Structure formats: C-alpha cells, structure tokens
Amino acid sequence: MKASSLALVGFGVDGWGRLLLMAAGLTLAAALCSFAIGAMLGTAGAVLKLSSVATLRWIGTFYTTVFRGIPEILVVYLFYFGGSLALTHLMHLAGFPGFFSLPSFVIGVLAIGLVSGAYQTETYRSAYLRLERGQVEAGLACGMGRVVLLWRIIAPQTLRFALPALGNIWQSVLKETALLSIIGLVELLRQSTIAAGATRQPLLFYGTAACVYLVMGQVTGIGIRSVERHLSRYRGR
Amino acid sequence: MQPAQSPPMPSGPAPSVITAQKLTKRYGALEVLRGVDLEAHEGEVISILGASGSGKSTFLRCLNLLEVPTSGDLTVLGERVRFRPKGDGLRIADHGQVNRLRSQVGMVFQNFCLWSHRTVLQNVMEAPIHVQGRNRHEVRDEAEAALARVGMADRAGYYPSQLSGGQQQRVAIARAIVMQPRVLLFDEPTSALDPELVGEVLKVMHDLAAEGRTMLIVTHEMAFARDVSSRIVFLEQGRVRAQGTPQALFRGGMDERFDQFVSHFMRQG
Ligand SMILES: Nc1ncnc2c1ncn2[C@@H]1O[C@H](COP(=O)(O)OP(=O)(O)OP(=O)(O)O)[C@@H](O)[C@H]1O
Ligand SMILES: [Mg+2]
C-alpha cells in the first residue's frame, strides 16, 4: 500500500498530520518554557555579574563559562542521567526501591533553559551597561525607590537594548529543543523520525519537519521584530 | 498656573530650606569639597559660580544625595539627613527618608535626562503617579498645566528624541515643578544647549524665580546670575571663596579671585 505523500503528512486516517502538529506544539511549549527559565536565570546571572561583591561576580562568571562552554547535548545528558540518579537515590533513602526518572520534558527544559540563561546573562548585562546614568539619576532625583526605578526605568530601557539579541537567542532555543528527542520526548524531530521509520519516507517527514521549524521561527521572529519596532519607536538618541 | 509660594515671614529671616554644614567630598585622594557651608532660605535664588572643577556640580548633587558627602551635616526641609559611617566616609542610613526628601526637591540636569522611552506628558506624569502615588486623572491636568507653564503643551505626545535641546530642558523643568517641590536645583541647565536655545530656558527660569520659588542654580550664565539671583556663592577649589548679593559682588573689589573669574568669562563671550 502506497499512500500519496500529501495524504501521509495530511490529517486523514493514515496521515501523520495530527501527531506532527501535536509534536510541533510540544516543541513550541518546550521552547517557551526553556526561554522563560533562561530569562529568569539570565536576569539573576546579570545581577550577579554586575554585583559589586567579587564572590557574586565570580559565581556569575562560573555559570556563564560552564554553560556556554559545554556542548548542549552533554548538558542534556548530564541532567537526564544525573537527575534520574539523584531521584532514584532519594527514593531509595525514603524506602522506595526501583528506578525513578524525571519527566523528560522537565529535564530537557531545565537543561536548555540553563544554557539559554547563560547567553541571556550576557545579553542583559551588556544591555544594562548601555543604560545612560542620567536616566537612572533622573528617577532617583524625583524620589523613586528601587522597585519603581527598576520597573519603570531600568527594565524597559534594558529590554529595548536587549531585544535584538534576545530574538537570536529565542531562535536558537527553538531549534535546540530538537535535542530533547534524544531523551525520549516526542517533540517534532522525534515524531518525524517515528513517522519516517513507519512509512519509510524519511525525506518527506524530515523535510516537513524542517519546514515546520522554519515557519515557527519566522512567525515568532516577525512578532519579536514588531515588539522591537514598538519599543524603539522613540529612538534617535 | 502654579500658585505663588507663600511669601517669607514678615519678621525675621525666612525659614531655612537646605542647610549644609562643613560638607566635604573626596574621590580617593581627590578632595573635591573641602568644607562647604551654605544655608538656603525660602524664596532665595542662589547662583553657584566657580571655575570648572571647583566642585559646583558635586556640591549640588550632595544636596539631594545623588552624591553622598564624605563628611558634614545636611538638613533638608527641616530634617537632618541620617548618615552612618562607612569606611572613612558616610553612607545613607535611611533610604526612605532620602526618597521622601528627594520628592520635594526638584532637580534639572545639564543634559536634560528625560526618560527616552516615555512621551513628554508621560515624563511629567511619571513621578506624581509612581512616587507620590496619586490619581492618574488629576495628575494629568496638573502635568498639562506644568507643560503649559513652560510653553510645551503642544508637544505632549512627542518623545524626547523628537525635541530640540531647549524644548527638552523645558520639559525637564515641567517634570520637576509638577511635584510641587519646595526647592529646585539646576546644574548648568543651559550648558548643553545651542546658543540660540539658551534664552527660552532662561526665560522659564526667570519666571520661576519671579514666582518666589527657592532655587539653587549652578551656571556659567553671568548675566542671568547677576540679574536673577538674590545671592551669589562663588566656589573655588571646594570652598566658598566669596558670597553676597549680585550687586555687591559684581560691582567688583569684594573678592579679587571673583573679579578675575568674571572678567575671564566676559572676555570669552
Ligand atoms: N564620580 C567622580 N569620581 C572621581 N572624580 C570626580 C567624580 N565626580 C567629579 N569628580 C571630580 O571632581 C572635581 C569637581 O567636579 P565637579 O563636577 O563638581 O566640578 P564643577 O565645578 O561642576 O565643574 P564644571 O563647571 O566643569 O561642571 C573634578 O576634578 C572632577 O573630575
Ligand atoms: Mg558641573
């Protein structure tokens, strides 16, 4: 039985469309979660690196050096096996025998989030350094406390400077979620591999996957650029 | 329109708004302020003059704690600013107090420092809403009035980058006066402006002075200082070298160094 290519990637009875779409959704969800974790870690990392306390700066540098220096696939492996080992050990201590592993979604998102956080650290740090001293002093001079200053002046201005680089980081996070296929998460790449194997049509399914990655990247890219334009509508100085 | 400030008490001197006593400031080995005493009374317009590097900006910035003095006493609006020792200097002991005092002391910077991501109107409304915690609607009317006051009502929706320097500085003045400050600090408000834009800013400052506002102005505009100030303070190398009414000082013969300083400026332009 040889179904047409269109039917195979379509949404009919013997089409893989629905599964591929769900897998793409999972890819997007994993990318969003990773990026969000990366944003939090990146903010924390930037605060550490900008700190006046040498120890804190050192911790920040250690973080960014390690997670930008190790191949991402290795970080995923280390987290996967390390995490399971630790969990199993804990469960044994609590009196539960057997092998336990963390959900691969959680592991994967944490691993990619940590790496993305290392890159975001640099982005936020250099964006903060571009902030003009006078913008902050004007806030201080009218009596703004730290929280107001941070949310009303520092954050929006820093974000404006950071956004172009954040757009690039987002694109790479989206692609790197493909690594989660190696720890058993059925995201877009893994689902395509399954379909390719079952139908013996690798080119068709990998080609489809490539297109879906591209489309997701382009569509979100357009969104990011429009936010960028909105935030820099007052640029000129 | 802003209500005129209440006039000084008929008997005795007007109350003190800012009192600095033996203020010093050091950056490492560099002694920028070497014990400055100054008492600014309500309604006074004090021009602080001095050569470049004499410590004028540093002194002005100490008054609203953008710089923390190395030693000395500072009383703002009747409250003694609380410091605690740190190394061989001081640090702010009570940030709540400092923020509260800052909200009643307006500051205008040499390079305007308008928030570039907010429109003119938003710049003016920012602090009343987010520092004083006031209602957006009533603030809006006051912000528009403040902008009208400096002749910038028609630019409310512009971003700072779309304005000339003189316009930006007038907005910065509106941003300061909308807080109803008890005193205004100006750090060379016209030094970053093209010559043809200086006048529009000085005009606004002139009007504010005429309203009876308390103002401390660091400036190189000799004619303005002479015509508008009630007192001139001449700084040299971190000390008050001479002070007095503009009439007394500009007549000449009161302080040799001041006369040199003025003649130097007059020669330049
Ligand atoms: N943050 C700082 N760190 C080190 N030195 C400083 C700092 N701020 C000011 N200074 C030095 O202090 C001295 C006085 O500076 P200040 O800005 O108060 O002078 P000024 O009288 O305002 O001069 P100008 O007319 O040029 O503005 C200068 O020698 C300056 O280099
Ligand atoms: Mg100065």
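Residues numbered from 1 in each chain as written. Chains lettered and ligands numbered in written order. Predicted model: local features only at pLDDT ≥ 70, side-chain atom pairs only at ≥ 80, totals over all residues. Heavy atoms only, no water.

Visitor: An account of the overall build of chain B is needed here, citing residue identities and associated values.
Guide: Looking only at helices and strands, chain B has nine helices and 12 strands in total. A compact globule built from 269 residues would reach a C-alpha radius of gyration of about 18 Å, and chain B, at 18 Å, matches this within 12%. Considered along the principal axes of its C-alpha atoms, chain B spans approximately 50 × 45 × 45 Å. For chain B, buried positions account for 55% of its 269 residues. Residue pairs in contact within chain B that sit at least 24 positions apart in sequence constitute 63% of those at least 6 positions apart. Carbon and sulfur atoms make up 48% of the accessible area of chain B, which amounts to about 11700 Å² in all. Separation between the mean location of the 31 positive side-chain charges and that of the 29 negative ones in chain B comes to 5 Å. (Helix = DSSP H or I, 4+ residues; strand = E, 2+ residues; numbered from the N terminus. Rg over C-alpha atoms; globule rule 2.2 N^0.38 Å. Buried < 20%, exposed > 50% of the residue type's maximum accessible area, 1.4 Å probe, protein only. Contact = heavy atoms within 4.5 Å. Areas by Shrake-Rupley, 256 points an atom, 1.4 Å probe, with all protein chains shown as cover. Lys, Arg positive; Asp, Glu negative; His and termini not counted. Charge placed at Lys NZ, Arg CZ, Asp CG, Glu CD.)

Visitor: Account for the UniProt feature "transmembrane region" (unreviewed entry) in chain A, with residues named and values stated.
Guide: All names here are of chain A. As annotated by UniProt and renumbered to match this structure, "transmembrane region" (unreviewed entry) occupies residues 20-48, 60-81, 93-115 and 203-227. Between the first and last C-alpha atoms of residues 60-81 the distance is 25 Å; the span itself is 91% helix and 0% strand. Taken end to end, residues 203-227 is 100% helix and 0% strand, and its first and last C-alpha atoms sit 36 Å apart. (UniProt positions renumbered as here; feature names shortened; annotations may be inferred.)

Visitor: An account of the sheet that holds strand 5 (residues 79-80) of chain B is needed here, citing residue identities and associated values.
Guide: Residues and elements named next belong to chain B. Taken in spatial order, the four strands line up as 2-1-4-5 in an open sheet, and their pairing is antiparallel. Only two strands of the sheet have a single neighbouring strand rather than two, namely strand 2 (30-41) and strand 5. Relative to strand 5, strand 4 (residues 71-76) is paired through two bridges, and the arrangement is antiparallel. Bridge pairing in strand 5 links T75 to R80. Across the sheet, helix 1 (residues 56-63) touches strand 1 (16-27), strand 2 and strand 4, and the angle it forms with strand 1 is around 125 degrees. (Pairing = 2+ DSSP bridges. Axes fitted to C-alpha atoms, helices over the stretch in contact; angles between N-to-C directions.)

Visitor: Before we move on, could you go through the interface of chain A and chain B and cite the residues and values that matter?
Guide: In this complex, chain A contributes 22 residues to the contact, which on the side of chain B involves 24 residues. Between chain A and chain B, the buried area comes to about 2100 Å², and carbon and sulfur atoms account for 54% of it. Linking chain A with chain B are two salt bridges. A salt bridge links E126 of chain B to R152 of chain A; the shortest N-O distance between them is 2.7 Å. On inspection of chain A and its partner chain B, the count reaches 10 residue pairs in polar contact (both at pLDDT 80 or more). (Buried area = accessible area lost by both parts, 1.4 Å probe. Salt bridge = Lys/Arg side-chain N within 4 Å of Asp/Glu carboxyl O. Polar contact = N/O pair within 3.5 Å; in protein donor to acceptor, adjacent residues only side chain to side chain.)

Visitor: Residue-level account of the site of ligand 1, with values.
Guide: All names here are of chain B. Near ligand 1 lie 13 residues; those nearest to it are S52, G53, K56, S57 and T58. Taking G53, its main chain carries an N or O atom lying 2.9 Å from an oxygen atom of ligand 1. At a separation of 3.0 Å, an oxygen atom of ligand 1 approaches a polar side-chain atom of E188. When ligand 1 is considered free in solution it has 630 Å² of accessible area, and contact with the protein chains removes 59% of it. Elements represented by at least two residues in the shell around ligand 1 include exactly strand 2 and helix 1. A class-by-class count of the residues in the shell around ligand 1 yields four nonpolar, seven polar and two charged. (Near = heavy atom within 4 Å. Nonpolar A, V, L, I, M, F, W, Y, C, P; charged D, E, K, R; others polar.)

Visitor: Give a description of the state of the cysteines that names residues and reports values.
Guide: In this structure the tally under the stated criterion is zero disulfides over all chains. No disulfide involves C113 of chain B; its nearest neighbouring cysteine sulfur is the one of C142 of chain A, lying 11 Å away. Here C113 of chain B falls in the buried class, since its relative accessible area comes to 9%. (Disulfide = S-S within 2.5 Å.)

Visitor: Lay out the pairing of strand 8 (residues 105-108) of chain B with the relevant residues and their values.
Guide: Residues and elements named next belong to chain B. Of the two faces of strand 8, the one holding V105 and M107 and the one holding G106 and V108 are both buried throughout. Sheet topology places strand 8 next to strand 9 (residues 183-187); four bridges connect them, and they run parallel. When the bridges of strand 9 are listed, V108 appears paired with F186.

Visitor: Go over the domain arrangement of chain B, please, and point to the residues and values.
Guide: Residue and element names in this part refer to chain B. We note that the domain assignment places domain 1 (16-104 + 184-268) and domain 2 (114-181) within chain B. Using only C-alpha atoms to locate each centre, domain 1 and domain 2 end up separated by 25 Å. Between domain 1 and domain 2, the contact holds 15 residues from the first and 14 residues from the second. When residues of domain 1 are sorted by the area they lose upon contact with domain 2, S103, E200 and V204 head the list and together hold 33% of the total. At the junction of domain 1 with domain 2, the criterion picks out two salt bridges. Here E211 makes a salt bridge to R149, at a shortest N to O gap of 2.2 Å. Counting the contacts that link domain 1 with domain 2 gives four residue pairs in polar contact (both at pLDDT 80 or more). For the side of domain 1 that touches domain 2, the elements supplying multiple residues, two or more each, are strand 9 and helix 6 (195-210). Counting residues per element, the side of domain 1 that touches domain 2 draws most heavily on helix 6, at seven residues. Taken together, the residues of the side of domain 1 that touches domain 2 break down into nine nonpolar, two polar and four charged. (Domains from an automatic or database assignment.)

Visitor: Requested: an account of unusual backbone geometry, with residues and values cited.
Guide: All names here are of chain B. One non-glycine residue with positive phi stands out, namely K22, at about 50 degrees. Take K22: it is sitting in strand 1. With relative accessibility at 59%, the residue K22 sits in the exposed group. One non-glycine residue with positive phi stands out, namely L77, at about 50 degrees. Summarising the element assignment, L77 is placed in the loop between strand 4 and strand 5. A relative accessible area of 17% places L77 in the buried class.

Visitor: How would you sum up the UniProt feature "domain: ABC transmembrane type-1" (unreviewed entry) in chain A? Please name residues and give values.
Guide: Residues annotated in UniProt with the feature "domain: ABC transmembrane type-1" (unreviewed entry) correspond here to residues 20-224 of chain A. Structurally, residues 20-224 of chain A is divided into 83% helix and 0% strand, and its ends, taken at the C-alpha atoms, are 25 Å apart.

Visitor: Can you tell me about the nonpolar core, naming the residues and giving the values?
Guide: Residue and element names in this part refer to chain B. Ranked by internal contacts, the top residues of the largest apolar core, which has 88 residues, are F59, I173 and L216. In terms of residue count, helix 6 provides more of this core than any other element does, eight residues in total. If you count residues domain by domain, this core takes at least three from each of domain 1 (16-104 + 184-268) and domain 2 (114-181). Excluding residues that lie within four positions of it along the chain, I173 makes contacts with V108, V150, F186, V201, V204, M205 and L208. (Core = buried A, V, L, I, M, F, W, Y, C linked by side-chain atoms within 4.5 Å.)

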